Amino acid sequence: MSAKSMDELVSLCKRRGFIFQSSEIYGGLQGMYDFGPLGVELKNNLKTAWWKSMVYERDDVEGLDASILTNQLVLNYSGHEDTFTDPLVDCRSCKSRWRADQIEDTCPNCGSQDLTDPRPFNLMFKTNVGPLEDEGSIAYLRPETAQQIFTNFKNIVDSTSRALPFGIAQIGKAFRNEITPRNFIFRVREFEQMELEFFVEPGEDNLWHDKWIEERSKWWESQGVSKKKIRFLEVPKEELSHYSKRTVDLMYEFPHGEEELEGIANRTDFDLGSHSKNQDQLNIQSKIRKNSDSNSRLAIQDKNSNEWIVPFVIEPSAGVERGVLAILNEAYKVEKLENGKERIVLALKPHLSPIKAAIIPLKKNNEDLVSLAKNVKDELQSLGKGRVLLENTGNIGKSYRKHDEVGTPMCITVDFDSLEKNTVTIRDRDNMDQKTVQIQDLTTYFSNFFK
Ligand code: ATP
């Protein structure tokens, strides 16, 4: 059985050090969370898995890590200054604020129907760069990682000699001043996105869009998200973002209900076209504003015809926090044991597990056992598969329970046989089977397990 409620996940996350409320000792900061010792590992493992499949395992994608603070003009020409808004309503009775599209005509806080008319509220965080706080120094914390991929388009084409189709991938923070952050890490104000902008020839965009929808849902399955909990939502025309020709959202059954895990949009030639100079000389299909500030033509020359093409863009855009939440929800299981007791187990895919193996000396005060356990730890750690932990509590049962709950795939016990016969006992998280392995075979066993 997977998690029954968000409360169970929140409780596990706090108890075991996955996720904490940010600035908790001062009452928190709404819409912000901190990832603790295990959370940071899980999050990094998910990002690494994405990067591997998007960049290393393909031959048509380059990576990028651009700045978070973004020139105002970028977000002006992208359309975000004008249109990146949510409709905000105020309750006149209790003064609370809501997103108009998320409530009926009643205040969810006090039940009053005395609400203001909706008005647009821009979600971008504004700041100033440099010592002067004036109009000329305004910058934004990026609301999506995508824009700096577009502004770097020419740099990347020139430095890598790419031809269409090809993509640029980026993982990084994004910031949105959400009116109502809620549902744990589902809707927050500071989060991370894993975004690919895949550039294709106009006319080939529909085909590539379908391919990416398929690819992305398969990838989530390979991270342990069950197929039957994912649904494709064709975003209705009237709800499409200003740049989109078609968007399909991967909707997932989160503990609080079905919501978007990832969006896959056909952004057409809107972004590259919007950020280009000499737009009239390019065959731009989407409706864009004249750009009098850009010093670059964001187009690519066809190697055969020498014609300049403004590519169309397919964008799979996923949230890391939403991914972590979905994966925790899938992995969380409460199992009935033969002895009538229960155990909580986090059945994470091994590549996502925060700790790959716990090495447990049978007695915590026995120097020979502890020193051998430390050697085993160092050896497995050096294989580069992720974190290996020396668990020197002296309580095997308690260590097993802890590592079941945090999803450690194997516990390796070092006991007196280890000293005499050079063996260790490996206990499997999922079926709780125990087997004896020669220490000299351990690195091969471990490497094969995490292949
Ligand atoms: P929603 O409709 O839920 O607000 P969105 O359509 O605005 O999401 P996109 O602009 O498509 O989201 O962003 C791409 C991805 O970034 C989303 O699929 C989601 O995983 C993530 N994301 C967006 N906003 C947030 C947020 N406030 N907190 C956490 N993740 C977010």
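Residues numbered from 1 in each chain as written. Predicted model: local features only at pLDDT ≥ 70, side-chain atom pairs only at ≥ 80, totals over all residues.

Overview of the domain arrangement of the protein
Point 1. Per the domain assignment, the segments making up the protein are domain 1 (6–84 + 123–328) and domain 2 (353–449).
Point 2. Put simply, the middle of domain 1 and the middle of domain 2, counted by C-alpha atoms, are 40 Å apart.
Point 3. Counting from both sides, the interface comprises six residues of domain 1 and, opposite them, five residues of domain 2.
Point 4. With four residues, helix α2 (residues 37–56) is the largest single contributor of residues to the side of domain 1 that touches domain 2. (Domains from an automatic or database assignment. Contact = placed C-beta atoms within 7 Å. Helix = DSSP H or I, 4+ residues; strand = E, 2+ residues; numbered from the N terminus.)

Comments concerning the environment of R119
Point 1. Tracing the backbone shows R119 in strand β7 (residues 119–122).
Point 2. The class of R119 is exposed, set by 11 C-beta atoms lying within 10 Å.
Point 3. Separated by 32 residues in sequence, R119 and P87 place their C-alpha atoms 5.2 Å apart. (Buried ≥ 20, exposed ≤ 12 C-beta atoms within 10 Å, placed from the backbone.)

Quick notes on the nonpolar core
Point 1. I327, I359 and I412 are the most contacted members of the largest nonpolar core, which has 83 residues in total.
Point 2. In terms of residue count, helix α9 (residues 320–331) provides more of this core than any other element does, seven residues in total.
Point 3. Looking at which domains feed residues into this core, each of domain 1 (6–84 + 123–328) and domain 2 (353–449) supplies at least three.
Point 4. Ignoring any residue separated from it by four or fewer positions in sequence, one finds I412 in contact with A357, I359, I360, V376, V424 and I426. (Core = buried A, V, L, I, M, F, W, Y, C linked by C-beta atoms within 7 Å.)

Side note on the sheet that holds strand β11 (residues 190–200)
Point 1. Pairing in this open sheet of seven strands is mixed, and the strands run β3-β10-β11-β17-β14-β13-β12 from one edge to the other. In this open sheet, the two edge strands, each paired with only one partner strand, are β3 (61–64) and β12 (230–234). The mean inter-strand angle of the sheet, taken between neighbouring strand axes irrespective of direction, is 25°.
Point 2. The pairing of β3 with strand β10 (residues 166–175) spans four bridges and is parallel. Pairing of G63 across the sheet is with A169, part of β10. (Pairing = 2+ DSSP bridges. Axes fitted to C-alpha atoms, helices over the stretch in contact; angles between N-to-C directions.)

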